[in-house]
Amino acid sequence: MDFRRNSVDHPPLTIDSSTVERVSSTKFLGVHITEDLTWTTNTMSLSKKAQQRLHFLRRLKRASLPPPILTTFYRGTIESVLTSCITVWYGNCSAADRKTLQRTVNTAAKIMPLSPPFRIFSLHNAPVKLPV
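Residues numbered from 1 in each chain as written. Predicted model: local features only at pLDDT ≥ 70, side-chain atom pairs only at ≥ 80, totals over all residues. Heavy atoms only, no water.

S.K.: Talk me through helix α1 (residues 40-62); I want residue IDs and the actual numbers.
M.R.: The first and last C-alpha atoms of α1 sit 33 Å apart over 23 residues, in line with the 33 Å expected at 1.5 Å per residue. Residues of α1 that are buried in the fold lie against β4 (31-34), α2 (67-82), α3 (86-89) and α4 (95-111). At the C-terminal side of α1, Ser-64 shows a positive phi close to 60°. (Helix = DSSP H or I, 4+ residues; strand = E, 2+ residues; numbered from the N terminus. Expected span 1.5 Å × (residues − 1). Contact = heavy atoms within 4.5 Å.)

Next comes the structure, spelled out in structure tokens:
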């Protein structure tokens, strides 16, 4: 990134006499990184994946499974997707991105009415529990 007022075209980057292709975004370790370092692409990808898994949570609810099983399913399949690499991107994502993620979490909370309310912010700030 070049923050100067008068940006200069940089020569292409070469490694071992081959030119490295410049891309606008890439996916590295499951995190979408864009050239302008916004996290909208990553947030949309995570939200889409979580929304697809909400379908199965609804199916389990219709099958009259007990709330502890629904909560376990939510934590294992939906919350794990939403919090993957959260320490990398959450602190710098926009308010609109956070709202998108929270909307997905709220939808899951409506499906599981006996569960405590989930907040995406609390998932980001939750302490790590080490095995004893």
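Now that the structure is up, let's keep going.
S.K.: Quick one: what's the story with α4, residue by residue and with numbers?
M.R.: Since the α-helix packs 3.6 residues into each turn, any two residues three or four apart lie on the same face. In a regular helix each residue adds 1.5 Å, so 17 residues correspond to 24 Å; α4 covers 24 Å between its end C-alpha atoms and thus fits that length. Buried within α4 are the following residues: Asp-97, Thr-100, Leu-101, Gln-102, Thr-104, Val-105, Ala-108 and Ile-111. (Buried < 20%, exposed > 50% of the residue type's maximum accessible area, 1.4 Å probe, protein only.)

S.K.: Tell me what's going on with the side chain of Asn-42, and back it up with residues and numbers.
M.R.: Tracing the backbone shows Asn-42 in helix α1. If we ignore the near neighbours within four places in the chain, the residues touching Asn-42 are Gly-30, Val-31, His-32 and Trp-89.

S.K.: I'd like a description of the pairing of β4, backed by residues and values.
M.R.: In the sheet, strand β3 (residues 25-28) pairs with β4 via 4 bridges, with the strands oriented antiparallel. For Ser-25, the partnering residue across the bridge sits in β4 and is Thr-34. Joining the antiparallel neighbours β3 and β4 is a turn of 2 residues, in which Leu-29 adopts a positive phi near 55°. (Pairing = 2+ DSSP bridges.)

S.K.: Now, about the pattern of salt bridges: what can you tell me, with residues and values included?
M.R.: Taken as a whole and assessed by the stated rule, the structure comprises 2 salt bridges. Across the pair Glu-35 and Arg-22 runs a salt bridge whose closest N-O atoms are separated by 3.5 Å. Of this pair, Glu-35 sits in the loop between β4 and α1 while Arg-22 sits in the loop between β2 (18-19) and β3, and the two are 13 residues apart along the sequence. Overall, Glu-35 belongs to the partly exposed group, its relative accessible area being 44%. On the basis of relative accessible area, Arg-22 is assigned to the exposed category, the value being 72%. (Salt bridge = Lys/Arg side-chain N within 4 Å of Asp/Glu carboxyl O.)

S.K.: A description of the nonpolar core should follow, citing residues and the corresponding values.
M.R.: Leu-54, Leu-57, Tyr-74, Ile-78, Leu-82, Trp-89 and Met-112 are the most contacted members of the largest nonpolar core, which totals 20 residues. For this core, the secondary structure elements donating two or more residues are α1, α2, α3 and α4. When residues in this core are grouped by element, the largest group, 5 residues, is from α2. (Core = buried A, V, L, I, M, F, W, Y, C linked by side-chain atoms within 4.5 Å.)

S.K.: Before we move on, can you summarise the confidence of the model for the protein chain with the specific residues and values?
M.R.: Counting all residues, the mean pLDDT for the protein chain is 84, and 82% of those residues have values of 70 or more. Element-level pLDDT for the protein chain is lowest in helix α5 (residues 120-125), with a mean of 63, against a maximum mean of 94 in α1. (pLDDT = per-residue confidence, 0-100.)

S.K.: Could you give an account of unusual backbone geometry, naming the residues involved and the relevant values?
M.R.: Notably, Ser-64 is not glycine yet its phi reads approximately 60°, a positive angle. Structurally, Ser-64 can be placed in the loop between α1 and α2. A relative accessible area of 63% places Ser-64 in the exposed class. Although it is not a glycine, Cys-85 sits at a positive phi angle of roughly 55°. Within the fold, Cys-85 resides in the loop between α2 and α3. Exposure remark for Cys-85: the relative accessible area of 34% places this residue in the partly exposed category.

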